[in-house]
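Geometric and topological summary
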Amino acid sequence: MTDVERSEAEPVAEPRIFSLDDAIIHGNIVNETIIAQWLPIWTRNAFAHHKHIDPVRQNLRNLFDKHRDGAAVIVSSGPSLDRNLRELAAIPRDRFVLIATTSALNPLLAAGFAPEYAAINDGQAWIADLHYAGLEDLLKETTLIISTMTHPSTATRWPGPLAYYNDFAPEIPLIGTKGAMSMVFPELWNIPVSGCTSNLAARAAFLMGISRMVMIGSDLSFSGRSAHCTKYDRVG
């Protein structure tokens, strides 16, 4: 086959949309691409949030050292969570604080666990529908730890308390040392931006004084074809 024939026969690769996880793996070039893709979304979300936030009452700072020297289980939605939840049921519930990524709320609630905290830092508009639509009545006592750069619907549809923070990254103008977020929401904590919500949950646990953390459902590799734990349909 000649070079001309080969180029005609091979399909043209689709342009790649990079994720935050890619930045961790591939470095600065991808980082710049991500910033270019997400900066308009983050900016829109942050300023749309302004009318909804009470920066004194709804502030992650208010939870500082609330669970000093306590233990926490941080829950993500990897496939190992199916097994982990059975193991967690054997531990007395009053021995740990439960902090869940919003993607893990469905299996947690189905197993009878109501987390004290949930965490979210995703800027997409459809997150509320995907992660907790239909579960709102079960989450009225759960505090949502939430970035000012998430989509406003994530907050307006949350039934329980909110604890806001600013994402912080020195190299990104919007959220750097003198970035717009620090100016619009100066009362809020600036927390280093996280590539995944599990990382955010761990940072929040540290700020709340947690000294012992166990992470479950945080799979660094997958066996079989599933990338997530079982999701359940609510009956009744």
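Residues numbered from 1 in each chain as written. Predicted model: local features only at pLDDT ≥ 70, side-chain atom pairs only at ≥ 80, totals over all residues. Heavy atoms only, no water.

Attention now moves to the packing of aromatic side chains. Aromatic ring pairs are reported here in terms of the distance separating the ring centres and the angle at which the planes meet. In the structure shown here, the tally under the stated rule is two aromatic pairs. Note on Tyr132 and Trp158: the rings are 4.9 Å apart at their centroids and 90 degrees apart in plane angle, and the pair reads as edge-to-face. Separated by 26 residues along the polypeptide, Tyr132 in helix 6 (residues 127-132) and Trp158 in the loop between helix 7 (152-156) and strand 5 (162-168) bring together distant segments of the chain. In this structure, Tyr132 and Trp158 share a single accessibility class: buried. (Phe/Tyr/Trp six-rings, centres within 6.5 Å; stacked < 30°, edge-to-face > 60°. Helix = DSSP H or I, 4+ residues; strand = E, 2+ residues; numbered from the N terminus. Buried < 20%, exposed > 50% of the residue type's maximum accessible area, 1.4 Å probe, protein only.)

What follows deals with the side chain of His151. Relative to the assigned elements, His151 resides in the loop between strand 4 (143-147) and helix 7. There is a polar contact of 2.8 Å between the side chain of His151 and the side chain of Ser153. Apart from residues no more than four positions distant in its own chain, His151 is found in contact with Arg44, Asn45, His49, Asp122, Gly123, Gln124 and Ala125. (Polar contact = N/O pair within 3.5 Å; in protein donor to acceptor, adjacent residues only side chain to side chain. Contact = heavy atoms within 4.5 Å.)

All right, on to helix 4 (residues 81-88) then. Those residues of helix 4 lying buried are Leu81, Asn84, Leu85 and Leu88. Down the axis, helix 4 shows its buried residues gathered within 100 degrees of arc, on one side only. (Arc of directions from axis to C-beta.)

Below, the discussion takes up the pairing of strand 4. Among the five residues of strand 4, five are classified as buried, and the element is accordingly described as predominantly covered. Taking every second residue as pointing to the same face, both faces of strand 4 are buried, with Thr143, Ile145 and Ser147 on one and Leu144 and Ile146 on the other. Across four bridges, strand 3 (residues 117-120) lies against strand 4 in parallel orientation. In the strand pairing of strand 4, Ile120 is matched with Ile146. Between the parallel pair strand 3 and strand 4, the chain is carried across by helix 6, and the sense of this crossover is right-handed. Looking at chain direction, strand 4 and strand 5 are connected through four bridges and run parallel. Paired with Ile146 across the strands is Tyr164, a residue of strand 5. (Pairing = 2+ DSSP bridges. Right-handed = clockwise from strand over helix to strand, strands pointing away.)

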